Amino acid sequence: MPSISKSATVQTVITTFEMTPGTCQDLLEALTEAYAEFISKQPGFVAAGLHVNDAQTRIANYSQWEKREDFLAMLRTPEMRDRNRVIHQLCKSFEPVMYDVAETFG
């Protein structure tokens, strides 16, 4: 499970996927399969979570990596490039963005 902490040394990546309600479940299944079979087994992977909005038009993915380079290396693998081509066909757009935790509350 991801742990959000200002003092964490992990690289946080938040990816937002935009799709139609008709493709939401297919995209969620593709992402779940990618994490279960490939992404979670890559060097530097720490944790991830998938979130679906109530209208089923957006999926937010929160992932953590030991280092920025670990995430980038995973993206460059032939398997992930193939998976991203399939994922791209299931959604209007997706954009991974790297973040640092600025503050936490609670």
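Some details on the packing of helix H1 (residues 21-37) against helix H3 (residues 78-90)
Point 1. At their nearest, the axes of H1 and H3 sit 9 Å apart, and the two run at 165° to each other. The orientation of H1 relative to H3 falls into the category roughly antiparallel. Between H1 and H3 the crossing geometry is left-handed. Residues Thr23, Asp26, Leu27, Ala30, Leu31, Glu33, Ala34 and Glu37 of H1 form the contact with H3, whose own contacting residues are Arg83, Ile87 and Leu90.
Point 2. Residues that form the contact of H1 with H3 fall into these classes: 6 nonpolar, 1 polar and 4 charged.

Focus: the sheet that holds strand S4 (residues 93-99)
Point 1. One open sheet accounts for 4 strands, arranged S2-S3-S1-S4; its pairing is antiparallel. Two strands bound the open sheet, and with one partner strand each, they are strand S2 (45-52) and S4. Neighbouring strand axes in the sheet, compared pairwise and without regard to direction, differ in orientation by 15° on average.
Point 2. Bridging between strand S1 (residues 11-18) and strand S3 (residues 58-65) involves 8 bridges; their strand directions are antiparallel. Bridged to Thr16 within S3 is Ala60.

Details of the pairing of S1
Point 1. Pairing geometry for S1 and S4, over 7 bridges, is antiparallel. Within S4, the position partnered with Thr12 by the bridge is Tyr99.

Some details on unusual backbone geometry
Point 1. Of note, Gln56 is a non-glycine position whose phi angle comes to about 55°, a positive value.
Point 2. Along the chain, Gln56 turns up in the loop between S2 and S3.
Point 3. Given a relative accessible area of 35%, Gln56 falls into the partly exposed group.

Description of the side chain of Ser63
Point 1. With respect to the helices, strands and loops of the structure, Ser63 is situated in strand S3.
Point 2. Overall, Ser63 belongs to the buried group, its relative accessible area being 1%.
Point 3. Here the side chain of Ser63 touches Trp65 through a polar contact of 3.1 Å, side chain to side chain.
Point 4. Not counting residues within four places of it along the chain, the set of residues in contact with Ser63 comprises Gln11, Thr12, Val13, Tyr35, Ala47 and Ala48.

Here we look at the state of the cysteines
Point 1. Overall, the coordinates contain 0 disulfides when judged by the stated rule.
Point 2. Free of any disulfide, Cys24 has its nearest cysteine sulfur in Cys91, 11 Å distant.
Point 3. Taking the relative accessible area as the measure of exposure, Cys24 reaches 2% and is therefore buried.
Point 4. Looking at Cys91, the relative accessible area reads 9%, which means it is buried.

Describing the nonpolar core
Point 1. Ranked by internal contacts, the top residues of the largest apolar core, which has 20 residues, are Phe17, Leu27, Ile39 and Ile59.
Point 2. Mapped onto this core, the elements with two or more residues apiece are S1, H1, S3, helix H2 (68-76) and H3.
Point 3. No other element matches the 7 residues that H1 contributes to this core.
Point 4. If near-sequence neighbours (up to four positions away) are discounted, Phe17 is found in contact with Leu27, Leu31, Thr57, Arg58, Ile59, Asn61, Ile87, Cys91, Ser93 and Phe94.

The rules behind each value
Residues numbered from 1 in each chain as written. Predicted model: local features only at pLDDT ≥ 70, side-chain atom pairs only at ≥ 80, totals over all residues. Heavy atoms only, no water. Axes fitted to C-alpha atoms, helices over the stretch in contact; angles between N-to-C directions. Helix = DSSP H or I, 4+ residues; strand = E, 2+ residues; numbered from the N terminus. Parallel < 35°, antiparallel > 145°, perpendicular 65-115°, else oblique. Left-handed = near helix turned anticlockwise from the far one by under 90°. Contact = heavy atoms within 4.5 Å. Nonpolar A, V, L, I, M, F, W, Y, C, P; charged D, E, K, R; others polar. Pairing = 2+ DSSP bridges. Buried < 20%, exposed > 50% of the residue type's maximum accessible area, 1.4 Å probe, protein only. Polar contact = N/O pair within 3.5 Å; in protein donor to acceptor, adjacent residues only side chain to side chain. Disulfide = S-S within 2.5 Å. Core = buried A, V, L, I, M, F, W, Y, C linked by side-chain atoms within 4.5 Å.

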